[in-house]
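So you can see what is in the structure, the chains are spelled out below.
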Amino acid sequence: MGSVSKPSAGESQPWGDPKNALIVDAYELNTIDWAAFLQDKRIAGFISKASDGLPESFSCTGDHGGDTVAHCRTMWRKYAVSRELFQTRRMLAKSNGLLWGAYHLGRPGNPIDQANHFLDYADPQPDELMVLDIDGMDATQFMSLDDAQIYVAHIKVRTGRYPILYVNHNTARYIADHRGTYPLLSRLPLWYARYKPDVKGTFPLGNWDNYAIWQFASSDNCSEKSCPYRVPGTLTDIDVNVVPMTKVQLARIWPQGDLLPAKPLPAPDLTIALAQMCSGPRQMLVSLMLEIDPVVTASTPQTKPVEINELNYQDF
């Protein structure tokens, strides 16, 4: 993330350095007293949850898969309120000088439909950060890493920029160890979730030189009695993040959008190579991106290959 120092093996509690900017990320159920919140001048940015998985239909007619019409309408109202809250928070944050970003929580299901859902919901502007959040490697609950490659490729096609990647340590380590299999994910700036005081012996330095953002506080390690950092106007369930730079440095690079330089690949794994050869047309799209950065157009069902209709040699 810009011209900053790499984290040393003994780096501890960088949020304690007043020069390092802080970022809050929130979802719709986080309570925020904005008058108090804005008093903390170390907060440089606000990243809000936008979309979650595939878009809902909320037609409330016909078969709801066992759901009731009343519940369908309730969920539609919740969705409508969350979108309005997202827009209100964006207006409050940006009008008060905060950097703004939005994240999509990746779930199982067509990754191109999910990318389109995020872009429709968040309507990210050129000065705003985009994030793909993968909360774990259980593909029954969260977007698979293979689908995540398709997702970020489509975001690039639609916006001209790549998102950054939010993952925990286990997922980051896996991507780092298999960067030949995940050549896009392994080159995205990393938003790293770790609720410990340091990164000694844990940060996947074999792939990323530094974290872009470190999420160091959440409901997992913040209580009424103890919390790494308390943000005024928020409860103990708010997520707090640090970046290894000042607010001015962060503002210069905030929207991100580029891939990081490629790292040397580990020794070839024949098993992985054979699996890639048999993975079908959807994985073929990502392989092609390494050479031609294809432009993908309309949302495509999972069972059909993604349409490629233009070549662009700018990124690789």
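Counting restarts for each chain: residues are numbered from 1 in the order of the written sequence. With pLDDT at 70 or above as the cut-off, local features in this predicted model cover only qualifying residues; side-chain atom pairs require 80 or more to be listed or tallied, and sums for whole chains, interfaces and linings still use all residues. Computation of side-chain values: all heavy atoms of the structure, hydrogens and water removed.

Engineer: Explain the overall build of the protein to me, please; I cannot follow it from the model alone.
Structural biologist: Each helix and strand in the protein was counted, giving 8 helices and 8 strands. Scored against the burial criterion, the 316 residues of the protein give a buried share of 47%. Accessible surface, the protein: about 15100 Å² in total, of which carbon and sulfur atoms supply 54%. Helix and strand definitions follow DSSP, with helices as H or I runs of at least four residues and strands as E runs of at least two, each counted in order from the N terminus. Exposure classes here rest on a 1.4 Å probe applied to the protein chains alone. A residue is buried below 20% of its type maximum, exposed above 50%, and partly exposed in between. Reported accessibility uses the Shrake-Rupley method at a 1.4 Å probe radius. Residues are deemed covered only where the shown protein chains occlude them.

Engineer: What should I look at first to understand the nonpolar core in this one?
Structural biologist: As a rule of thumb, nonpolar side chains are buried together in soluble globular proteins. In terms of nonpolar packing, the biggest core is built from 56 residues, with Phe37, Phe46, Phe118, Leu185 and Phe216 touching the most fellow members. A total of 6 residues in this core trace back to one element, the largest contributor, which is helix H4 (residues 145-159). Setting aside residues no more than four positions away along its own chain, Phe216 makes contact with Trp15, Leu22, Arg194, Tyr195, Asn221, Pro228, Tyr229, Val240, Asn241 and Val242. Within this scheme, the nonpolar core is defined by two criteria: the residues are buried Ala, Val, Leu, Ile, Met, Phe, Trp, Tyr or Cys, and they are joined through side-chain atoms within 4.5 Å. Residues Ala44, Ile47, Val131 and Ile164 belong to the second largest nonpolar core, which totals 18 residues. Pairs of residues are marked as contacts when any of their non-hydrogen atoms sit within 4.5 Å.

Engineer: Is there a simple way to think about the environment of Asp220 in this case?
Structural biologist: Relative to the assigned elements, Asp220 resides in the loop between strand S7 (213-217) and strand S8 (239-242). Note: C-alpha distance between Asp220 and Tyr195 (25 residues apart in sequence) is 7.5 Å.

Engineer: Help me out: how do you make sense of the confidence of the model for the protein in this one?
Structural biologist: The predicted coordinates should not be examined in detail at positions where pLDDT is low. Within a predicted model, pLDDT stands for the predictor's per-residue confidence, ranging from 0 to 100. With 79% of its residues at a pLDDT of 70 or more, the protein shows a mean pLDDT of 84. Note on residues 1-10: pLDDT is under 50 here. Beyond four places in sequence and across chains, it has 20 contacts. Low pLDDT (under 50) marks residues 294-316, which in the prediction has 55 contacts with non-local residues, meaning those over four places away or in another chain.

Engineer: Explain the state of the cysteines here, please?
Structural biologist: Put plainly, two cysteines are in a disulfide when a covalent bond ties their sulfur atoms together. A pair of sulfur atoms, both from cysteines and within 2.5 Å, is called a disulfide here. If you walk through the whole model with that rule in mind, you get 1 disulfide. Sulfur-sulfur distance for the disulfide between Cys222 and Cys227 comes to 1.9 Å. Note on the Cys222 and Cys227 pair: the S-S dihedral is about -105°, so by sign convention the disulfide is left-handed. We classify Cys227 as buried; its relative accessible area is 18%.

Engineer: When you look at the packing of helix H2 (residues 69-95) against helix H3 (residues 111-122) in this model, what are you seeing that I'm missing?
Structural biologist: Between two packed helices, the angle of one axis relative to the other and the distance separating the axes together describe the packing. Working convention: axes come from line fits to C-alpha atoms, limited for helices to the stretch in contact. Angles between N-to-C directions cover 0 to 180 degrees. The N-to-C vectors of H2 and H3 enclose an angle of 60°; their axes lie 10 Å apart at closest approach. Judged by the inter-axis angle, H2 sits oblique to H3. Together, Tyr79, Ser82, Arg83, Phe86, Gln87 and Arg90 of H2 and His117, Asp120, Tyr121 and Ala122 of H3 make up the contact between the two elements. Amino acids outside the nonpolar list (Ala, Val, Leu, Ile, Met, Phe, Trp, Tyr, Cys, Pro) and the charged list (Asp, Glu, Lys, Arg) are all regarded as polar, and Gly is one of them. For the contact of H2 with H3, the class distribution of residues is 4 nonpolar, 3 polar and 3 charged. If an angle is under 35 degrees, it is roughly parallel; if it is over 145, roughly antiparallel; if it lies from 65 to 115, roughly perpendicular; otherwise it is oblique.

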